[in-house]
Amino acid sequence: MKSSIRRSRRAAMAVALGSVLALTATACGDDGSGAAGDKGNEGSGKGEITFWDNNGGVRTDIWKQVIADFEKKYPDIKVKYVGIPAASAQSKYDTAIQGGGLPDVGGVGTAVLAEVAVQGALEPLDSRLAKSPLNGKLSQNLLDVSKSAGGGDALYQVPTSANNGTLWYRTDLFEAAGLDAPTTWSKFYAAADKLTDKGKNKFGFTIRGGEGSIAPALDAVYGQTGITSFWNGEKTTVNDPKNVAALEKYVALYKKDTPSADVNNDFTKMVAQWDSGTIGMLSHNLGSYQDHLKALGADKFKGIPNPTADDGTRVQISNPVDGLSLFKSSKNKTAAWKFIEFAVSAAENSKFNESAGQVPANTDAAKDAWIQQSEPTKLAAEALNGATTKIVQMPYYLPDWNTISKADNEPNYQKVLLGKMSAKEFLDTLAEQLNAAQADWKKNHG
């Protein structure tokens, strides 16, 4: 069943790619853009361009502010805004790639970037960025994530925003127990033990065992071992013996220092449990800050980047990055690129991310007052932009990545927590699937 899912996805990609090659310029939409097979042109730098927001509704108001600012600066360019719900963004792009009517500019997250790029829909941006005022102003770590997610050969996305893994901890409980902030893995494990009192229903940590569990588990694994690459040649490092040992240590927290309900908890249940109970630590991202603030008040918790090694070495996995892509079929790439440059400029990128509650890709924007006043965001920005931070690039470019990391292995991870599967067996299974997916990718895109 699992292999048939992967075969069907590859077959669908092949059909989509074949459709692209068969398309001609006659598939152009009336907005001046076309289909993936259309090379477009630079245009006059004036007139109307179409922008697709891949998180329509949630981000509509702030994008309309950015667009209004842009049209004030460039009165000869009008931006047609099209909001697309996040859940349907990929299917909307796939349909337009095959049938025409692609936008000039679109929001394309790293989770779907490779699938859009491999169909020939996106303009490589390396040379444009090199000549842009943005050159040197964007987080190199986030640019590396964007490039890796697109397949590694070219930059197909200018990053705008990122989230970051955050360890939320109860400052009141830590102070009462005489504990230091859990800034290292050693302090994290010590705190998880000391804050646990099962008889009083007190636990040191809440571990994510339900939907979305694989990414935080891998973040904890690579963060502990310091392994900095997901691949060693053509084989994944995910089942390296050091990673196996790190996962064994991490999952041993379940039911010892965590609630038993964690095995089924997704982020919503996990956050609610932490906010309402007496649990010491929670690993999530910046998105839950307002929930904690409302439930606990500002003086009872803090958020820091995930722990480092004892020597201060910081290794973390790449989080999905949102960004803007220029579509190859655009008939006015000059104007479209101006819009991207403007939207990711320091002032606009800061404004956008203050609204979104995320970390700006523009490093000047990351220095603005609103970030300095929000300690969790400030620390996350420093971690993401830090020259000493090593980011393990997740293979978002693999067509099978979502299937492997969710449908195939979330149930297996629950078995590990319940003691029905060993950490080694789990990581070996994951590695086997990833190695096969990587080999398939190389065969078709090498």
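Structural data are supplied above this passage.
Residues numbered from 1 in each chain as written. Predicted model: local features only at pLDDT ≥ 70, side-chain atom pairs only at ≥ 80, totals over all residues. Heavy atoms only, no water.

### Notes on the packing of helix α17 (residues 401-408) against helix α18 (residues 410-417)
- Close contact between α17 and α18 brings their axes to 4 Å; oriented N to C, the two are set at 40 degrees. In terms of their interaxial angle, α17 and α18 are classed as oblique. Only Glu410, Pro411 and Asn412 of α18 make contact with α17, whose side of the interface consists of Ser405, Lys406, Ala407 and Asp408.
- Split by residue class, the contact of α17 with α18 holds 2 nonpolar, 2 polar and 3 charged. (Axes fitted to C-alpha atoms, helices over the stretch in contact; angles between N-to-C directions. Helix = DSSP H or I, 4+ residues; strand = E, 2+ residues; numbered from the N terminus. Parallel < 35°, antiparallel > 145°, perpendicular 65-115°, else oblique. Contact = heavy atoms within 4.5 Å. Nonpolar A, V, L, I, M, F, W, Y, C, P; charged D, E, K, R; others polar.)

### Comments concerning the packing of aromatic side chains
- For the coordinates displayed, the defined rule picks out 26 aromatic pairs.
- Aromatic pair Trp52 and Tyr93: ring centres 5.3 Å apart, planes at 35 degrees, arrangement tilted. Residue Trp52 is found in strand β1 (residues 47-53), and its partner Tyr93 is found in helix α3 (residues 89-99); the two are separated by 41 residues along the sequence.
- Taking relative accessible area as the criterion, Tyr93 reaches 1% and is therefore assigned buried.
- Centre to centre, the rings of Phe230 and Trp231 are 5.4 Å apart; their planes meet at 80 degrees, and the pair counts as edge-to-face.
- The exposure class of Phe230 is buried, given its relative accessible area of 2%.
- Looking at Trp231, the relative accessible area reads 15%, which means it is buried.
- The positively charged end of Lys92 is found above the aromatic ring belonging to Trp52, 5.3 Å away from the centroid.
- The side chain of Lys249 reaches across the aromatic face of Tyr189, ending 4.5 Å from its centre. (Phe/Tyr/Trp six-rings, centres within 6.5 Å; stacked < 30°, edge-to-face > 60°. Buried < 20%, exposed > 50% of the residue type's maximum accessible area, 1.4 Å probe, protein only. Lys NZ or Arg CZ within 6 Å of the ring centre and 35° of its normal.)

### Looking at the environment of Ser283
- Here Ser283 lies in strand β9 (residues 279-285).
- Linking Ser283 and Gln358, residues 75 residues apart in sequence, is a C-alpha distance of 17 Å.

### Concerning the sheet that holds strand β5 (residues 165-170)
- Read from one edge to the other, the open sheet built from 4 strands follows the order β6-β9-β5-β10, with strand pairing classed as mixed. Strand pairing shows two members of the sheet lacking a second neighbour, β6 (203-206) and β10 (301-305), which therefore form its edges. Strand-to-strand, the axes of this sheet are offset by a mean angle of 20 degrees, without reference to chain direction.
- Strands in contact with helix α11 (residues 267-276) are β5, β6, β9 and β10; relative to β9, the strand with the most contacts, it is inclined by about 145 degrees. (Pairing = 2+ DSSP bridges.)

### Notes on the nonpolar core
- Among the nonpolar cores identified, the biggest contains 72 residues, and Phe188, Phe205, Tyr250, Met281, Tyr413 and Leu434 are the most heavily contacted of them.
- With 8 residues, the top contributor of residues to this core is helix α19 (residues 423-445).
- In this structure, Leu125, Ala335, Ala336 and Ala343 belong to the second largest nonpolar core, which totals 30 residues. (Core = buried A, V, L, I, M, F, W, Y, C linked by side-chain atoms within 4.5 Å.)

### A word on the environment of Lys198
- With respect to the helices, strands and loops of the structure, Lys198 is situated in the loop between α8 (185-194) and β6.
- Every residue in contact with Lys198, bar those within four places of it in the chain, is listed here: Phe203, Lys255 and Lys256.
- Among the polar contacts listed, one links the side chain of Lys198 to the backbone oxygen of Lys255, at a separation of 2.5 Å. (Polar contact = N/O pair within 3.5 Å; in protein donor to acceptor, adjacent residues only side chain to side chain.)

### Side note on the side chain of Thr196
- Considering the arrangement of structural elements, one finds Thr196 in the loop between α8 and β6.
- Side-chain polar atoms of Thr196 contact the backbone nitrogen of Gly204, separated by 2.9 Å.
- Apart from the residues within four sequence positions on either side, Thr196 is in contact with Lys202, Phe203, Gly204, Lys256 and Asp257.

### Some points on helix α16 (residues 375-385)
- Within α16, burial applies to Pro376, Thr377, Ala380, Ala381, Ala383 and Leu384. Buried residues of α16 fall within an arc of 165 degrees about the axis and therefore sit on the same side. (Arc of directions from axis to C-beta.)

### Remarks on the pattern of salt bridges
- According to the stated counting rule, one finds 12 salt bridges in the structure shown.
- Among the salt bridges present, the one from Glu123 reaches Arg128, with a minimum N-O distance of 3.2 Å. Here the two residues Glu123 and Arg128 agree in accessibility, since each one is buried.
- In this structure, Glu123 engages Lys333 in a salt bridge whose closest nitrogen and oxygen atoms are separated by 2.9 Å. One end of the pair, Glu123, is in the loop between α4 (110-117) and α5 (126-130); the other, Lys333, is in helix α13 (residues 333-343), with 210 residues separating them in the sequence.
- In this structure Lys333 comes out as buried when scored by relative accessible area, which is 5%. (Salt bridge = Lys/Arg side-chain N within 4 Å of Asp/Glu carboxyl O.)

### Remarks on unusual backbone geometry
- Residues other than glycine seldom take positive phi values, yet Asn201 does so here, at roughly 60 degrees.
- Tracing the backbone shows Asn201 in the loop between α8 and β6.

### Things to note about the pairing of β1
- Counted residue by residue, β1 has 5 buried out of 7 residues, so it is predominantly covered.
- Relative to strand β2 (residues 77-83), β1 runs parallel, the two sharing 7 bridges. Each residue of the ladder has a partner; that of Thr50, found in β2, is Lys80.

### Here's the deal with the sheet that holds strand β3 (residues 105-107)
- Strand order in the open sheet formed by 6 strands is β2-β1-β3-β12-β4-β13, and the pairing between neighbours is mixed. On the outer flanks of this sheet lie β2 and β13 (359-360), each paired with one strand and no other.
- Across 3 bridges, the pairing between β3 and strand β12 (residues 321-326) is antiparallel. Across the sheet, the residue bridging to Val105 is Leu326, located in β12.
- The sheet strands contacting helix α6 (residues 140-149) are β4 (158-162) and β12, and the helix crosses β4 at an angle near 115 degrees.

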